[in-house]
Amino acid sequence: MRRYLRRPEQIELLPYLGKWLVIASVVAALAGSASAFFLLSLDRATEWREAHRWIIWLLPLAGLGVGLIYHLLGKEVDGGNNLIIDEIHDPKKVVPLRMAPLVLGGTVISHLFGASVGREGTAVQMSGALADQLTHVFRLKHEDRRIVLMTGVSAGFAAVFGTPLAGAVFGLEVLAIGRMRYDALFPCVVAAIVADQVCLAFGVHHTHYSIPEIVPIGAWSVLAVVLAGILFGLVGAVFATAAHKLGALVKRRIAYAPLRPFVGGVVIATAVWALDAYNYIGLGIPDIVRSFQEPMRPWDFLGKLVFTVLSLGTGFKGGEVTPLFYIGATLGNALAPLLHLPFPMLAGIGFVAVFAGAANTPIATTLMAMELFGAEIGPLAAIGCITAYLFSGHTGIYHAQRVGHSKHSKHRNAVPEELRIADLAHFRKQKTEPAKDESTPKSKAETPVTHKENV
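Residues numbered from 1 in each chain as written. Predicted model: local features only at pLDDT ≥ 70, side-chain atom pairs only at ≥ 80, totals over all residues. Heavy atoms only, no water.

**Student:** Can you tell me about the side chain of Arg145, naming the residues and giving the values?
**Tutor:** Mapped onto the secondary structure, Arg145 falls in helix α8 (residues 142–161). Reaching out from Arg145, the side chain makes a polar contact with the side chain of Asp132 at a distance of 2.7 Å. (Helix = DSSP H or I, 4+ residues; strand = E, 2+ residues; numbered from the N terminus. Polar contact = N/O pair within 3.5 Å; in protein donor to acceptor, adjacent residues only side chain to side chain.)

**Student:** Just give me the short version of the pattern of salt bridges, but keep the residues and values in it.
**Tutor:** Under the criterion given, the structure shown has 16 salt bridges. Two residues, Lys93 and Glu76, come together in a salt bridge whose shortest N-O distance is 3.6 Å. You can see Lys93 sitting in the loop between α4 (81–89) and α5 (99–113) and its partner Glu76 sitting in the loop between α3 (59–73) and α4, a full 17 residues away along the chain. Residue Glu76 is classed as partly exposed on the basis of its relative accessible area, which comes to 44%. Between Arg146 and Glu143 there is a salt bridge, and its shortest N-O distance comes to 2.7 Å. One end of the pair is Arg146 and the other is Glu143, both in helix α8 and three residues apart, which spans about a single turn. On the basis of relative accessibility, which here comes to 17%, the residue Arg146 falls in the buried class. Judged by its relative accessible area of 38%, Glu143 falls in the partly exposed class. (Salt bridge = Lys/Arg side-chain N within 4 Å of Asp/Glu carboxyl O. Buried < 20%, exposed > 50% of the residue type's maximum accessible area, 1.4 Å probe, protein only.)

**Student:** Which residues make up helix α14 (residues 300–313), and what values do they have?
**Tutor:** Taking 1.5 Å per residue as the helical rise, α14 with its 14 residues ought to reach 20 Å, and the 20 Å between its terminal C-alpha atoms agrees with that figure. α14 sits mainly inside the fold: 11 of its 14 residues count as buried. Within α14 the residues assigned to the buried category are Asp300, Phe301, Gly303, Lys304, Leu305, Phe307, Thr308, Val309, Ser311, Leu312 and Gly313. Close packing links the buried residues of α14 with α11 (219–253), α12 (259–275) and α15 (321–339). Looking one or two residues beyond α14, the residue adopting positive phi is Gly315, at roughly 110 degrees. (Expected span 1.5 Å × (residues − 1). Contact = heavy atoms within 4.5 Å.)

**Student:** Describe in detail the nonpolar core, supporting the description with residues and values.
**Tutor:** In a soluble, globular protein the nonpolar side chains are often hidden away together inside. Formed by 131 residues in total, the largest nonpolar core has its most connected members in Phe232, Phe351 and Phe373. The contacts of Phe351, once residues within four sequence positions are left out, are Tyr209, Ile288, Phe292, Leu324, Phe325, Gly328, Ala329, Leu372 and Phe373. (Core = buried A, V, L, I, M, F, W, Y, C linked by side-chain atoms within 4.5 Å.)

**Student:** Any details on the confidence of the model for the chain? Residues and values, ideally.
**Tutor:** With 91% of its residues at a pLDDT of 70 or more, the chain has an overall mean of 90. By mean pLDDT, helix α20 (residues 446–454) is the weakest element of the chain at 38, and helix α10 (residues 185–201) is the strongest at 98. (pLDDT = per-residue confidence, 0-100.)

**Student:** Account for the layout of surface pockets, naming residues and giving values.
**Tutor:** The method is simple in principle: a probe with the dimensions of a water molecule rolls over the atoms, and the space it marks as empty is what remains. Quantified by volume, the largest pocket comes out at close to 970 Å³. Every residue lining the largest pocket is counted, 37 residues in all, and those nearest its centre are Asp78, Lys251, Leu312, Gly315 and Lys317. The set of elements that each furnish at least two residues to the lining of the largest pocket consists of α3, α4, α11, α12 and α14. If you tally residues by element for the lining of the largest pocket, the top one is α11, at six residues. Tallied by class, the residues present in the lining of the largest pocket amount to 14 nonpolar, 15 polar and eight charged. As a volume, the second largest pocket reaches approximately 560 Å³. Lining the second largest pocket are 23 residues, and of these Thr46, Glu50, Gly284, Ile285 and Pro286 sit closest to its centre. For the lining of the second largest pocket, the elements supplying multiple residues, two or more each, are α2 (9–51) and α13 (285–291). Residue contributions to the lining of the second largest pocket peak at seven residues, all from α2. (1 Å grid on protein atoms, 1.4 Å probe; cavity = no way out; pocket = protein on both sides within 12 Å on 5 of 7 lines; lining within 4 Å. Points joined across faces, edges and corners; volume = space filled by probe spheres on them. Nonpolar A, V, L, I, M, F, W, Y, C, P; charged D, E, K, R; others polar.)

**Student:** Explain a nonpolar patch on the surface to me, using residue names and the numbers behind them.
**Tutor:** A surface patch of nonpolar side chains, amounting to about 700 Å² of accessible area, comprises Trp48, Trp54, Trp57, Leu58, Leu61 and Trp273. Within the secondary structure layout, Leu58 lies in the loop between α2 and α3. (Patch = residues over 30% accessible without salt bridge, like charges linked within 9 Å, V, L, I, M, F, W, Y side chains within 5 Å. Areas by Shrake-Rupley, 256 points an atom, 1.4 Å probe, with all protein chains shown as cover.)

**Student:** Report on empty space enclosed by the protein, specifying residues and quantitative values.
**Tutor:** Considering all chains together, one arrives at two cavities of 30 Å³ or more under this definition. Within this model, the largest cavity holds a volume of roughly 80 Å³. As for the largest cavity, its lining consists of Arg119, Val160, Phe161, His206, Thr207, Tyr209, Phe325, Phe351, Met368 and Leu372. Secondary-structure elements contributing two or more residues to the lining of the largest cavity are α8 and α17 (362–373). Taken together, the residues of the lining of the largest cavity break down into seven nonpolar, two polar and one charged. Size it by volume and the second largest cavity reaches roughly 60 Å³. Every element with two or more residues in the lining of the second largest cavity is listed here: α4 and α6 (120–132). In terms of residues, the lining of the second largest cavity owes the most to one element, α4, which gives three residues.

**Student:** How would you explain the packing of aromatic side chains if you had to name every residue and give the values?
**Tutor:** The full count for this structure, using the stated rule, is 18 aromatic pairs. With a centroid separation of 6.4 Å and an interplanar angle of 75 degrees, the aromatic rings of Tyr280 and Tyr326 are classed as edge-to-face. Here Tyr326 lies in helix α15 and Tyr280 lies in the loop between α12 and α13, a separation of 46 residues in the sequence. The pair Tyr280 / Tyr326 is uniform in exposure class, with both members buried. Considering the side-chain rings of Phe292 and Phe373, the 5.5 Å spacing of their centres and the 40 degrees angle between planes classify their relative orientation as tilted. Remark: Phe373 occurs in helix α17 and Phe292 occurs in the loop between α13 and α14; sequence separation between them is 81 residues. Members of the aromatic cluster, joined through ring pairs, are Phe157, Phe161, Phe170, Tyr209, Phe292, Phe325, Phe351, Phe355, Phe373 and Tyr398. Taking NZ or CZ as reference, Arg53 lies 4.4 Å from the ring centre of Tyr278, over its face. Sitting above the plane of the Tyr70 ring, Lys317 keeps its charged end 4.3 Å from the centroid. (Phe/Tyr/Trp six-rings, centres within 6.5 Å; stacked < 30°, edge-to-face > 60°. Lys NZ or Arg CZ within 6 Å of the ring centre and 35° of its normal.)

**Student:** Requested: an account of unusual backbone geometry, with residues and values cited.
**Tutor:** In this structure, Arg139 takes a positive phi of about 50 degrees despite not being glycine. As for its placement among the helices and strands, Arg139 is situated in the loop between α7 (134–137) and α8. For Arg139, a relative accessible area of 76% translates into the label exposed.

Right under this line is the structure:
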């Protein structure tokens, strides 16, 4: 009898909606406020650096100071975005609150003195750390804690870029390649929308980009965007791989962590002075805007890529996304004449597509294109983002990202699910070495040579 008197599912959902409406709104208020303070501070730091170019020579000391503070106080939170992603997949302990002020101070200092870093990493880390403190307040279980962290990621991303829909989906999509968790969709959407509004209420103004002409969908426009998307994906993969490899190399060669950004600061400051490359440091927003307005130098994307890899690889704090916007916009600008497309349009597609390839988030970046440039660019932006996502391979800027579902059928059985991107190279090496040993037995002719060398 009780079975027939059970309340409808929709009635039982009401407490769920109420619970997450409250929690997501609290997360959004914290994330939006922190992001607004961060963005306003970043604007002041950028203005001061641009008015006093000589400050680049103090970048090594700034790097030493940030490295020393993290070495003494921030070892537990040095994983940054990857720590947040790992905690969502495998909850262990609440992210220390100190992550928020440390990454805020480290990023503002990095920008003030001239490192080439972004801002999304800072907003996501601050929002994630602040959101995770609610675990104790609301006595959340592991499953609910995962969702709270995801709302923090969505809220931080939405607030820092002014793209609530892209932010909501980013928090769902960035965790694993080829898979999203829809149980967190409602909280992430609420948190992203409210955080964006809170940030705007503090007087934050986001950069406006204008694309006056979108070519119609046609055989050539689709093919041209696919060709550009291939290059966007390859460049995204190069960026992610180079940053990780340089970071690993620097850690092997320089054991004392605070010295890494000091050495990086010396290299960056010298290169900026010698090459007059001041436009490749900081966020690079003026050059991104220019790429929508006039032809750019064809090597600008490479200059920004190199300086950002140097900055992140040697330990400066910040994000990767805004530099990826710069790289994509300037690369799209350079490719436009070759593909007979308007350079503002291809700059816009490159803006989101290189990020899509590097972060493995094609849906969030397609939504971002529509929020920033208008709905009309949606179909071509989707083609560019998805193509870049495919051609970036199983690499990414977030090495804690899991392989939820391989990108194409040839790798579906070769790459195990739930493997971290950081562990893929070791897995492949482990898998191929035994096969190599078995398939290449020593011939009789090789035996004397080996014996002679040993003697």
